[in-house]
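Residue-level structural notes
Chain by chain, the residues:
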Amino acid sequence: MCTLLTILTILSSFLTNLETKTLQSDFTITVAEEVNAPMNYPGELSMHGPCFKVEMFNIEAAYDGKTMYMYSPETDELTLTNPTEQELLESNPLLYAKALVPVCNIVERTSQDGSQTIVTLTPKDQSIGINRFVLKIRNSDLMPLSVEIKEGKKTSTLKMKEPKFVQGPKEAYVITPEKDTYVNDMRL
């Protein structure tokens, strides 16, 4: 029982930080399948609670709590949608961790040097689509260091580069189009 309380304290404190502070980080996502060479994708992230802004694949995306903005500089097109909860979870693995807690078995362990906590979430029902979700959190400041999601033969790993929580006014998580940008408004 003590271990469960520790896990929930670490995980709860981490999730509270995401709700009350702004997380900023460069990152790399690595997608690996057993038969293919891993693919690496760099990007930048800023998030506060469910709101976020991310740049990767030469695409800018933002979510302000209601509207998802996707901007492609190549086509100079901004698409606006009202995403489903599932689409949001697929877009942001740190929010996905929060959604998984009630439907997973949770195991935590401290790294050998004691500097990190490794939280492993394993779905009680494997039909939700993933085999395992592993979140590494730095103990000193509850900073997320990496997320690994195992889905069948595919593993996706998000590694943060120099992540930091910043105080101050909440950023506006919107993308404002230039005058000539085509706006594809798909909101209902």
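1. A short note on the confidence of the model for the protein
Overall, the prediction assigns the protein a mean pLDDT of 89, with 95% of residues at 70 or greater. Taken as a whole, residues 1-7 scores under 50 in pLDDT and shows six contacts with residues more than four places along the chain or in a different chain.

2. Quick notes on the pairing of strand β1 (residues 22-33)
Bridge analysis of β1 against strand β11 (residues 154-166) gives 11 bridges, and the strand direction is antiparallel. For Thr28, the partnering residue across the bridge sits in β11 and is Lys159. The sheet contact formed by β1 and strand β2 (residues 36-48) spans 10 bridges and is antiparallel. Within the sheet, the bridge partner assigned to Thr28 lies in β2 and is Pro42. Between β1 and β2, which follow one another and run antiparallel, lie two residues.

3. Details of the pairing of β11
As paired elements, strand β10 (residues 143-151) and β11 share six bridges and run antiparallel to each other. Paired with Lys150 across the bridge in β11 is Thr155. Where β10 folds back on β11, the antiparallel hairpin that results is connected by two residues, among which Gly152 adopts a positive phi of roughly 60°.

4. With respect to the packing of aromatic side chains
Under the criterion given, the structure shown has three aromatic pairs. Residues Phe52 and Tyr63 carry aromatic rings whose centres are separated by 6.1 Å and whose planes lie at 35° to one another, so their mutual orientation is tilted. Note that Phe52 is positioned in strand β3 (residues 51-56) and Tyr63 in strand β4 (residues 59-63), a separation of 11 residues in sequence. With a relative accessible area of 2%, Phe52 lands in the buried category. Here Tyr96 and Phe133 contribute two aromatic rings whose centre-to-centre distance is 5.9 Å and whose plane-to-plane angle is 75°, an arrangement assigned as edge-to-face. Placement of the pair is Tyr96 in helix α3 (residues 93-100) and Phe133 in strand β9 (residues 132-138), with a sequence separation of 37 residues. For Tyr96, a relative accessible area of 14% puts it in the buried group.

5. Structural notes on the nonpolar core
Soluble globular proteins tend to pack their nonpolar side chains together in the buried interior. Core analysis: the biggest nonpolar cluster contains 37 residues, and Leu18, Leu23, Met47, Phe52, Leu94, Phe133 and Leu135 have the highest contact counts within it. When residues no more than four places from it in sequence are discounted, the contact partners of Met47 are Leu18, Lys21, Thr22, Leu23, Phe52, Asn92, Leu94, Leu95 and Tyr173.

6. A short note on the pattern of salt bridges
Evaluated as defined, the whole model comprises four salt bridges. Note that Lys98 is salt-bridged to Glu19, the shortest N-O span being 3.3 Å. On the criterion of sequence distance, the pair formed by Lys98 in helix α3 and Glu19 in helix α1 (residues 2-20) is long-range, its members being 79 residues apart. Here Arg138 and Asp141 are joined by a salt bridge, their closest N and O atoms 3.0 Å apart.

7. Re the environment of Thr84
By the secondary structure assignment, Thr84 is in the loop between β6 (77-81) and α2 (85-91). Look at Thr84 and you get partly exposed, because its relative accessible area is 43%. As for Thr84 and Glu162, which are separated by 78 residues in sequence, their C-alpha atoms are 31 Å apart.

8. Some words on the environment of Ser115
Of note, Ser115 is situated in the loop between β7 (104-110) and β8 (116-123). Along the primary structure Ser115 and Asn139 are separated by 24 residues, whereas in three dimensions their C-alpha atoms are 5.6 Å apart. Once you skip the residues sitting within four places of it in the chain, Ser115 turns out to touch Ile137, Arg138 and Asn139. Reaching out from Ser115, the side chain makes a polar contact with the side chain of Asp113 at a distance of 2.8 Å.

Parameters and conventions
Position labels on residues start from 1 in each chain and follow its written sequence. Predicted model: local features are reported for residues with pLDDT of at least 70 only, side-chain atom pairs are reported and counted for 80 or more only, and whole-chain, interface and lining totals are derived from all residues. With hydrogens and water set aside, each side-chain value is computed from the structure's full complement of heavy atoms. A residue's pLDDT is the predictor's confidence in that residue, given on a scale from 0 to 100. Residues are treated as being in contact if the distance between any of their heavy atoms lies within 4.5 Å. Note: two strands are recorded as paired if DSSP finds a minimum of 2 bridges between them. Only DSSP runs of H or I covering at least 4 residues are called helices, and only runs of E covering at least 2 are called strands; the numbering of each starts at the N terminus. Put simply, two rings from Phe, Tyr or Trp (the six-membered ring, in Trp's case) pair if the centres are within 6.5 Å, and we call them stacked under 30 degrees between planes, edge-to-face over 60, tilted for the rest. Between buried and exposed lies partly exposed: a residue is buried under 20% and exposed over 50% of the maximum accessible area for its type, with that area taken using a 1.4 Å probe on protein chains only. Only buried residues count toward a nonpolar core, which is a set of Ala, Val, Leu, Ile, Met, Phe, Trp, Tyr and Cys residues joined through side-chain atoms within 4.5 Å. Here, a salt bridge means any side-chain nitrogen of Lys or Arg that lies within 4 Å of a carboxyl oxygen of Asp or Glu. Under this definition, polar contacts are N or O atom pairs within 3.5 Å; protein pairs additionally need one hydrogen-donor-capable and one acceptor-capable atom, and for neighbouring residues in sequence, both atoms have to be side-chain atoms.

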